[in-house]
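# Structural features, examined
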Amino acid sequence: MDNNYDSPEEGEYVYKNSKLSNVLPLWGNERSMNLNPLILTNIQSSHYFKVNLYELKTYHEVIDEIYYKVTHLEPWEKGSRRTSGQTGMCGGVRGVGAGGIVSTAYCLLYKLFTLKLTRKQLNGLITHCDSPYIRALGFMYIRYTQPPTSLLDWYEPYLDDEEEMDVKAGGGQIMRLGLILRQWLMKLEWFSTLFPRIPVPIQQKIQKHLEERFPPTTNPLNAAASGPSTGNDREDRKWDRKGGRDWGKERDREWREDHTRDYLRDDRDRENSARLYERDRREKDRDRSRDERDDRRNREKSPQRGARERSPRRERHHHSNRDKEHRHRHKHR
């Protein structure tokens, strides 16, 4: 997009005009689009992506497909996630050891990635007027593929957008686009998957900017937790200081604790995935060794081998030698 935010001081974003290249940079893994490996595998193996979306060759054809097919923003279709028999980390956020039917929205998101969108095309997505899901997939494309330093540049003009959409598979969770974007900037979790991690210094700048633009008393993300406002916020803050409570420090501590839990959970997920992979590899090796041992044992016990050892040709040769010996003895008798 054509607007950028510079930060001469820590946490302060200043608008400036700059002509940016039409070629978009790609941040992170340029093959997987930074998607969860389980989701990416299901996308690439799905019939919808391999057959239906393969026929779509242009940017406008994919937009039309989003308009007619996308009805939610979850990564999995309703009722297809097989986590009932999974326990521990296998049934957790990262979806280790369980899958389902990947959603149309995520298939089309990855299809957009294969088209290698330009800056102009991406701006066309996030400003499209036909469907909120077209805009949402454009912003989701930004969240997955663009450098963390540019996320706020892209999202800033739309943080208070009032357009609504149902984000849940099967319906029942209406959210405004501005609130969705603020959640994507502040939280890693999105239903049963995770967005790419934002480095801590950049995350702190984004958090400070959002707190300045959307104070906690009016921030919908904190409205449910804080309850209705009493109308006397200054007196409440004085009471908090007298009681030894500092809301700013508490928010920072909660934010650090959330990020620490995210890091620890990712480490556990990686360890669990490596453990499951190693266990599957050992089981495959053990099964292969057992099959080879059984085949060798069957070949040794096979009657065909005995019959092959006592072939008719060898039997005839054995009888002919015995007849010759018998005739020789009879002749010299």
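Residues numbered from 1 in each chain as written. Predicted model: local features only at pLDDT ≥ 70, side-chain atom pairs only at ≥ 80, totals over all residues. Heavy atoms only, no water.

Naming follows an unreviewed UniProt entry, where the protein appears as Pre-mRNA-splicing factor 38 of Photinus pyralis. The heading Subcellular location (unreviewed entry) in the UniProt record of the protein holds the text "Nucleus". (UniProt positions renumbered as here; feature names shortened; annotations may be inferred.)

### Notes on the overall build of the protein
Of the regular secondary structure elements, the protein holds 14 helices and six strands. Taking all 333 residues of the protein together, the buried fraction comes to 38%. Of the contacts formed within the protein by residues at least 6 apart in sequence, a portion of 69% connects residues at least 24 apart. About 20,800 Å² of surface is accessible on the protein, with carbon and sulfur atoms providing 48% of the total. (Helix = DSSP H or I, 4+ residues; strand = E, 2+ residues; numbered from the N terminus. Buried < 20%, exposed > 50% of the residue type's maximum accessible area, 1.4 Å probe, protein only. Contact = heavy atoms within 4.5 Å. Areas by Shrake-Rupley, 256 points an atom, 1.4 Å probe, with all protein chains shown as cover.)

### Considerations on unusual backbone geometry
With a phi angle near 65°, N34 is a residue other than glycine that sits in the positive phi range. For N34, the location among the structural elements is in the loop between β2 (14–17) and α1 (37–45). Exposure remark for N34: the relative accessible area of 18% places this residue in the buried category. Even without being glycine, K116 reaches a positive phi, approximately 55°.

### With respect to the pattern of salt bridges
Oppositely charged side chains can pair when the atoms bearing their charge come close. Counting across every chain of the model gives eight salt bridges. A salt bridge links D285 to R288; the shortest N-O distance between them is 2.9 Å. Note that D285 and R288 are positioned in helix α12 (residues 247–301) at a spacing of three residues, about one turn of the helix. R288 sits in the partly exposed class, given a relative accessible area of 46%. Residues D294 and R297 are paired through a salt bridge, measuring 4.0 Å at the closest nitrogen-oxygen approach. (Salt bridge = Lys/Arg side-chain N within 4 Å of Asp/Glu carboxyl O.)

### Description of the packing of aromatic side chains
Both the distance between ring centres and the angle between the ring planes are used here to describe each pair of aromatic rings. According to the stated counting rule, one finds 10 aromatic pairs in the structure shown. When the ring of F49 is compared with that of Y110, the centres are 5.6 Å apart and the planes differ by 50°; the resulting orientation is tilted. Placement of the pair is F49 in helix α2 (residues 47–52) and Y110 in helix α4 (residues 104–114), with a sequence separation of 61 residues. Like F49, the residue Y110 is buried in the burial classification. (Phe/Tyr/Trp six-rings, centres within 6.5 Å; stacked < 30°, edge-to-face > 60°.)

### Focus: α1
Within an α-helix, residues lying three or four positions from one another point in the same direction, as the helix has 3.6 residues per turn. Within α1, burial applies to I39, L40, N42 and I43. Viewed along the axis of α1, the buried residues span an arc of 165°, placing them on a single side of the element. Next to the buried residues of α1 lie α2, α4 and β6 (193–194). The opening residue of α1 is N36, an N-cap whose side-chain oxygen sits 2.8 Å from the backbone nitrogen of L38. (Arc of directions from axis to C-beta. Polar contact = N/O pair within 3.5 Å; in protein donor to acceptor, adjacent residues only side chain to side chain.)

### What about the nonpolar core?
Y106 and M140 are the most contacted members of the largest nonpolar core, which has 61 residues in total. Tallying contributions element by element places helix α6 (residues 132–145) first for this core, with nine residues. Discounting residues that sit within four places of it in the chain, Y106 has contacts with L35, I39, I43, L73, E74, P75, M140, Y144, W190 and T193. (Core = buried A, V, L, I, M, F, W, Y, C linked by side-chain atoms within 4.5 Å.)

### A few points about α6
Look at α6: 20 Å from first C-alpha to last across 14 residues, which is about the 20 Å you get at 1.5 Å a residue. Where α6 begins, the capping side chain belongs to S131, and its oxygen is found 3.2 Å from the backbone nitrogen of Y133. (Expected span 1.5 Å × (residues − 1).)

### Some details on the packing of helix α5 (residues 119–126) against α6
One can describe the packing of α5 onto α6 by two numbers: an axis separation of 7 Å at closest approach and a directional angle of 135°. Here α5 lies oblique to α6, going by the angle between them. Contact with α5, carried on its side by L122, L125 and I126, involves I134, R135, G138, F139, Y141 and I142 of α6 and no other residues of that element. Of the residues that constitute the contact of α5 with α6, the class distribution is seven nonpolar, one polar and one charged. (Axes fitted to C-alpha atoms, helices over the stretch in contact; angles between N-to-C directions. Parallel < 35°, antiparallel > 145°, perpendicular 65-115°, else oblique. Nonpolar A, V, L, I, M, F, W, Y, C, P; charged D, E, K, R; others polar.)

### Remarks on the side chain of S131
Mapped onto the fold, S131 is located in the loop between α5 and α6. A relative accessible area of 6% places S131 in the buried class. In this structure the side chain of S131 is engaged in a polar contact, spanning 3.2 Å, whose partner is the backbone nitrogen of Y133. With residues up to four places along the chain from it excluded, the contact list for S131 reads Y67 and E163.

### As for the confidence of the model for the protein
Detailed reading of the predicted model is not advised wherever pLDDT is low. Across the protein, the average pLDDT comes to 76, with 63% of residues at or above 70. Segment residues 84–97: pLDDT under 50, and 29 contacts once partners within four positions in sequence are set aside and those in other chains are kept. Ignoring residues within four places in sequence, the model shows residues 223–245, a span with pLDDT below 50, making six contacts including any to other chains. (pLDDT = per-residue confidence, 0-100.)

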